[in-house]
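Topology and contacts: notes
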Amino acid sequence: MNVFVAAMQLSVAGAFVSIPVVRARFGATATAAAQAELSRQGVRTTVLEENGMRFDAGGHETWAPVSIATVLAATAALNLIGNSFAGLLSWIVLGLIVAINCVILYSNLTATTSVQAAFARKGDPELTRIDVAALLKAAESGFPRWVWILQNARHVIVFGAAALALTALALA
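Computed from a predicted model, the values in this text were never measured in an experiment.

The end-to-end C-alpha distance of helix H5 (residues 111–122) is 17 Å, a good match for the 16 Å that 12 residues give at a rise of 1.5 Å each. Directly after H5, the chain includes Gly123, whose backbone phi takes a positive value near 75 degrees.

In structure tokens:
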């Protein structure tokens, strides 16, 4: 049972690491496409950087998933060595991971309205006139088509592997 739970935790860790790997490889292209869209809209191309909007692997787009993967790997290691706290820590960590992934999924589904709201809060008239849907679509075009499949597979792996591990823990 410990080996199975550890394998599920490592699967989830791998899914989280896929985010910065893809962003590191294709983020510059996505940023360039977004900046080109801003130019087309007559908006200064520095607006993304000025407002902390990134499509690369910088900032929280790297440290958050790598930190999550590290915690999962540590918990998996505790399971593999049979540590007495491994089960409790696995419940806590996996429960948090499911909640975090729900937030990520919600963020993905509401990206346009979230960015529009963030721009509106800034009070900068130039930001409020940006066609956010077109901006995000342009940025998305900087990533290969298979990234959409990877994103969905990542959610399936995170939710599925976490559910299997939690079920195994409950039955133990």
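The next subject is the environment of Ile97. Within the secondary structure, Ile97 is located in helix H4 (residues 86–109). Residue classification places Ile97 among the buried residues on the basis of a relative accessible area of 4%. With 71 residues separating them along the chain, Ile97 and Phe26 place their C-alpha atoms 26 Å apart. The contact partners of Ile97, leaving out residues within four places of it in the chain, are Val12, Phe16, Ile68, Leu72 and Val158.

Between H5 and helix H7 (residues 132–141), the least distance of the axes is 9 Å, while the angle of their chain directions is 120 degrees. Taken together, the axis directions place H5 and H7 in an arrangement best described as oblique. The way H5 lies across H7 gives a crossing that is right-handed. Each of Ala111, Thr112, Val115, Gln116 and Phe119 in H5 lies in contact with H7, whose residues at this interface are Val132, Ala133 and Leu136.

Once that is clear, we can look at the pattern of salt bridges. With the rule as written, the count across this model stands at 7 salt bridges. Arg23 is the partner of Glu61 in a salt bridge, and the nearest nitrogen-oxygen pair spans 3.3 Å. You can see Glu61 sitting in helix H3 (residues 60–80) and its partner Arg23 sitting in helix H1 (residues 2–40), a full 38 residues away along the chain. With respect to class, Glu61 is no different from Arg23; both count as buried. Residues joined in a network through salt bridges with shared partners are Arg44, Glu50, Asp124, Glu126 and Arg129.

Attention now moves to the packing of aromatic side chains. Following the criterion strictly, the structure yields 1 aromatic pair and no others. Judged by centre distance (5.8 Å) and plane angle (75 degrees), the ring pair of Phe26 and Trp146 falls under edge-to-face. Note that Phe26 is positioned in helix H1 and Trp146 in helix H8 (residues 146–171), a separation of 120 residues in sequence. Looking at Trp146, the relative accessible area reads 44%, which means it is partly exposed. Positioned above the aromatic ring of Phe16 is the side chain of Arg154, whose terminal nitrogen or guanidinium carbon lies 4.9 Å from the ring centre.

Right, let's talk about a nonpolar patch on the surface for a bit. Where nonpolar side chains cluster on the molecular surface, the patch consists of Phe85, Leu88, Leu89, Trp91, Ile92, Leu96 and Ile100 and spans about 680 Å² of accessible area. Here Ile100 lies in helix H4.

Reading guide: rules and limits
Residues numbered from 1 in each chain as written. Predicted model: local features only at pLDDT ≥ 70, side-chain atom pairs only at ≥ 80, totals over all residues. Heavy atoms only, no water. Helix = DSSP H or I, 4+ residues; strand = E, 2+ residues; numbered from the N terminus. Expected span 1.5 Å × (residues − 1). Buried < 20%, exposed > 50% of the residue type's maximum accessible area, 1.4 Å probe, protein only. Contact = heavy atoms within 4.5 Å. Axes fitted to C-alpha atoms, helices over the stretch in contact; angles between N-to-C directions. Parallel < 35°, antiparallel > 145°, perpendicular 65-115°, else oblique. Left-handed = near helix turned anticlockwise from the far one by under 90°. Salt bridge = Lys/Arg side-chain N within 4 Å of Asp/Glu carboxyl O. Phe/Tyr/Trp six-rings, centres within 6.5 Å; stacked < 30°, edge-to-face > 60°. Lys NZ or Arg CZ within 6 Å of the ring centre and 35° of its normal. Patch = residues over 30% accessible without salt bridge, like charges linked within 9 Å, V, L, I, M, F, W, Y side chains within 5 Å. Areas by Shrake-Rupley, 256 points an atom, 1.4 Å probe, with all protein chains shown as cover.

Don't take any of this as a statement about function, it's just geometry.
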